[in-house]
Amino acid sequence: MRKLAIVVSVLVCTLAWPQQLAAQSQPQANAAEQQAFQREFDDVCSRTQGAMSLTRDELKDLVRRCDALAPKLAKLDQSQRKVYKRRLEQCRGLYAYVLDTRKDSDQ
Amino acid sequence: MVVQAQQLYVQAVPPEDQFGDVTLDGHVTPNNGPVVFNHWLHRAKFTCRVCHVDIGFAMGANRTGIDAKTNQEGYYCGACHDGKRQFGNVTAFASCQPDGVAKANFTCSRCHASSKTERKYTYKEFTAKLPKARYGIDWMAAENTGFIKPIDVIDGISIPKERIKNRAELSIHPQVQWFTGIHFSHELHSKWNSCELCHPEIFPTQKDAPANISMYQIANGRFCGACHVKVAFPVNGCNQCHAQGPMWVAGPGWVM
Amino acid sequence: MKKYFLLPLTLILAFSFQAPAQPALNQPGVSQPGVKQRRPLPPEYGRVIIGQDAENAQLSPVVFEHWIHRSMFTCRVCHVDIGFAMKPNGSGITPADIQRGYYCGACHNGRMLHGDRSVFSGCSLRETAADQERCERCHSYGKNVKSEYNFARFSANLPKERFGNGIDWEKAELQGLIQSTDFVDGISVKRSSLAVQKDFALSPKVESMPDIIFSHKKHTVWNGCELCHPEIFFGVKKGTTKYTMVDIFQGRSCGACHSTVAFPTMDCQRCHSKPVQQ
């Protein structure tokens, strides 16, 4: 019984530990990496206005590039991460949405 | 059992000259007592819509958040009571003026109960010629016969819009089988209220909403009771809505 | 036997403890049906109270007024480019974010110019009384702080409309009385121009209500595409998603904006404007 209690306590401690620690333990991006992220983001998400006139392949490519940017968010500082997570969500969301509307068409 | 039920549900109506009075006592000072707002005086001159939609009064004592500052800024009472606005040959006195001016004109006591209260209009004189209902004034007859001409648009406050052709007259079936149905006139209500007064706050825009309203809620000032307990003809008179309701349902305080 | 469960039980309780929910200060569509509630006054409409659970108990929650900001910027600048959520406390803004130049700090950094003045910086260190006064320009909930911009003066010459702020923002922009900037240097992404979107009619469920003419064009000029799609409007095929007025009054679909910030849906005729074809 005592052993069980100890095991449960240890389990609870490890499972309930906040996940932020894990994120914080990642090394932050240096200035060059941040600039690269910014450039790629600006390039990918600058085409939202014209999304309706993009082809399916172009849209798929943009969604893929958004997905490629997502893991790089973890390396940004806390504020940037929050802001760009939201912006990326909206940007990727729109491309995926427009792609969805083309599901039944050829383009 | 029925009499007991009535005492649980519906309050007795006050004397006719006090019906529709709203006591606002949120900002009482030694010099300025509570404000007693007379509905009868205002509804003879304006539709319900002007105050409760255009100006934006809530429907409950102390619920709107009126104070001297809002009146001075031209909101709520101050929207008309600014000392300049004219209705016919009457200029609406200015409400809640800064101290110095107020003392000189004593306009505070036109609204705020005080030792100096001198109401310009009394219920008896004002309503002497208006057609009477079993209880209080028959406002519909008053308007139909031309005794009153309620204003529906006030310059600078109202922005008139084209009326939406409202839904047909509704039949509402009460939950209790031994009461007859109500013929609800959308036409008559929207004449004074327009859509926004009732929808969606008082009556949510759901098709089956009337089926979920109980007399208990109404008697407590919700739904129909938002108006028909304290201002419009009270629900104490069953047969005004339930046109063929059972006549044996009566008791002290009920108007039949 | 019992005492061996005390420790794990305590730990479980400790990790699952959450602060009690504070009563929300803004919540569209939540009120007791059947009564007529107070309507926000024109200067109050669009007011957002942020930061009730602020870590710093010395500062009051922030009072954000939409009317002053929307006279200067499109919705898109804040809600897409800067990344503000459209719910109070939805962005999780911290003083550090603002000091680093994000969220409010994107403009409120002491450097951005508005006309010939610089925009005051937010969330800097409080060292002097002047600093404290600057904090209270935003952290003013419950305090009697005199605002720099007076609503009455601001709105005096703007075209009027019913409800909400009482201002016809669209007409104000058409007449050049306000200039809504859509691009902020260093924040906004340079975008290709937007193709003109078509307006379309929406038919209400209740037959006697006039049709709604939805102006896609007007909405995209202020919002762009990603503000609404897919988060607020996720339907991919026109006409397949049904929104009810109950949804809208509770802050979903059109109600995301048109319950607390854009003209309120209480003004039926603003949307239901097309006469029903007999």
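Every chain begins its residue count from 1, and numbering advances along the sequence as written. Numbering of ligands from 1 and lettering of chains from A proceed in the order in which they are written. Only residues with pLDDT of 70 or above have their local features reported here, since the model is predicted, and side-chain atom pairs are shown and tallied only from 80 upward, although totals for entire chains, interfaces and linings are computed over all residues.

### Focus on the overall build of chain A
(1) Moving on: Under the scheme used here, helices are H or I runs from DSSP no shorter than 4 residues and strands are E runs no shorter than 2 residues, and both carry numbers assigned from the N terminus. Each helix and strand counted, chain A has 5 helices and 0 strands in total.
(2) Moving on: Mapped in sequence order, the helices and strands of chain A form the string α-α-α-α-α.
(3) Moving on: Exposure is read from a count of other C-beta atoms within 10 Å of each residue's own; the residue is exposed at 12 or fewer, buried at 20 or more and partly exposed in between. C-beta atoms are placed from the backbone. Counting across all 107 residues of chain A, residues that qualify as buried make up 20%.
(4) Moving on: We call two residues in contact if the C-beta atoms placed from their backbones are at most 7 Å apart. Residue pairs in contact within chain A that sit at least 24 positions apart in sequence constitute 76% of those at least 6 positions apart.

### Brief notes about the interface of chain C and chain B
(1) Moving on: Across the contact, 23 residues belong to chain C and 30 residues belong to chain B.
(2) Moving on: Put simply, the parts of the chain that give the side of chain C that touches chain B at least two residues each are helix H9 (245–249) and helix H10 (268–271) of chain C.
(3) Moving on: In terms of residues, the side of chain C that touches chain B owes the most to one element, H9 of chain C, which gives 3 residues.

### Some points on the domain arrangement of chain B
All names here are of chain B.
(1) Moving on: Domain start and stop positions are those given by an automatic or database domain assignment. Per the domain assignment, the segments making up chain B are domain 1 (26–126) and domain 2 (161–244).
(2) Moving on: The interface is formed by 7 residues belonging to domain 1 together with 7 residues belonging to domain 2.
(3) Moving on: A total of 4 residues in the side of domain 1 that touches domain 2 trace back to one element, the largest contributor, which is helix H3 (residues 48–55).
(4) Moving on: Of the residues that constitute the side of domain 1 that touches domain 2, the class distribution is 3 nonpolar, 3 polar and 1 charged. Here the nonpolar group is Ala, Val, Leu, Ile, Met, Phe, Trp, Tyr, Cys and Pro; Asp, Glu, Lys and Arg are the charged ones; every other residue, Gly included, is treated as polar.

### Describing the packing of H3 of chain B against helix H9 (residues 186–198) of chain B
Residues and elements named next belong to chain B.
(1) Moving on: Between H3 and H9, the shortest axis-to-axis distance is 8 Å and the interhelical angle comes to 25 degrees. When the axes of H3 and H9 are compared, the pair comes out roughly parallel. Crossing of H3 against H9: the hand is left-handed. Note on element contacts: H9 touches H3 through Trp192, Asn193, Ser194, Glu196 and Leu197, opposite Cys48, Arg49, His52 and Val53.
(2) Moving on: Looking at the contact of H3 with H9 residue by residue, the classes come out as 4 nonpolar, 3 polar and 2 charged. Axis lines are fitted through C-alpha atoms, for helices just across the contact stretch, and the angle between N-to-C directions can take any value from 0 to 180 degrees. Should an angle lie under 35 degrees it is considered roughly parallel, over 145 roughly antiparallel, and from 65 to 115 roughly perpendicular; all remaining angles are considered oblique. Crossings are classed by handedness, with left-handed meaning an anticlockwise turn of the near helix from the far one by less than a right angle and right-handed meaning a clockwise turn.

### A short note on the confidence of the model for chain A
All names here are of chain A.
(1) Moving on: Residue-level confidence of the predictor is what pLDDT reports, using numbers from 0 through 100. Confidence in the prediction of chain A, expressed as mean pLDDT, is 83, and 79% of residues score 70 or more.
(2) Moving on: The lowest-confidence element of chain A is helix H2 (residues 20–24), averaging 47 in pLDDT; the highest-confidence one is helix H4 (residues 56–69), averaging 95.
(3) Moving on: Predicted confidence for residues 20–25 stays below pLDDT 50, and this span has 1 contact to residues more than four positions away or in other chains.

### Topic: H3 of chain B
Every α-helix winds through 3.6 residues per turn, so residues three or four apart in the chain are directed the same way.
Residue and element names in this part refer to chain B.
(1) Moving on: Counting buried positions over the 8 residues of H3 gives 8, a clear majority of the element.
(2) Moving on: Residues of H3 that are buried: Cys48, Arg49, Val50, Cys51, His52, Val53, Asp54 and Ile55.
(3) Moving on: Here the buried face of H3 lies against helix H2 (39–43) and H9.
(4) Moving on: Gly56 sits one or two positions beyond H3 and adopts a positive phi of about 100 degrees.

### Quick word on the environment of Lys217 of chain C
Residue and element names in this part refer to chain C.
(1) Moving on: Tracing the backbone through its elements, the reader meets Lys217 in helix H8 (residues 216–223).
(2) Moving on: For Lys217, a count of 12 C-beta atoms within 10 Å gives the class exposed.
(3) Moving on: In sequence terms Lys217 and Leu194 are 23 residues apart; their C-alpha atoms lie 9.8 Å from each other.
(4) Moving on: What Lys217 contacts, discounting residues up to four positions off in sequence, is Val196, Gln197 and Asp199.

### A closer look at H4 of chain A
All names here are of chain A.
(1) Moving on: Under the convention used throughout, the expected extent of a helix is 1.5 Å for every residue step, that is, one less than its residue count. Between the first and last C-alpha of H4 there are 20 Å, a value that for 14 residues agrees with the 20 Å anticipated at 1.5 Å per step.
(2) Moving on: Along H4, the residues classified as buried are Leu59, Leu62 and Cys66. The arc enclosing the buried residues of H4, seen along the axis, measures out at 60 degrees, which places them on a common side. Of the residues in H4, the exposed ones pointing more than 90 degrees away from the buried face are Asp57, Asp67 and Ala68.
(3) Moving on: Buried residues belonging to H4 abut helix H3 (31–45) and helix H5 (78–101). Directions drawn from the helix axis to the C-beta atoms are what define this arc.

### Remarks on the pairing of strand E6 (residues 211–214) of chain C
Residue and element names in this part refer to chain C.
(1) Moving on: Two strands are counted as paired when DSSP detects at least two bridges linking them. Here strand E5 (residues 200–202) pairs with E6 via 3 bridges, running antiparallel. Bridge pairing in E6 places Ala201 opposite Ile213.
(2) Moving on: Here 2 bridges tie E6 to strand E7 (residues 272–274), and the two strands are oriented antiparallel to one another. Across the sheet, Asp211 pairs through a bridge with Lys274, a residue of E7.

### Concerning the packing of H3 of chain A against H4 of chain A
All names here are of chain A.
(1) Moving on: Look at H3 against H4: their axes get within 10 Å of each other, and the N-to-C directions meet at 155 degrees. For the element pair H3 / H4, the angle class is roughly antiparallel. As H3 runs across H4, the sense of the crossing is left-handed. Contacts between H3 and H4 pair Phe37, Glu40, Phe41 and Val44 from the former with Leu62, Arg65, Cys66 and Leu69 from the latter.
(2) Moving on: Looking at the contact of H3 with H4 residue by residue, the classes come out as 6 nonpolar, no polar and 2 charged.

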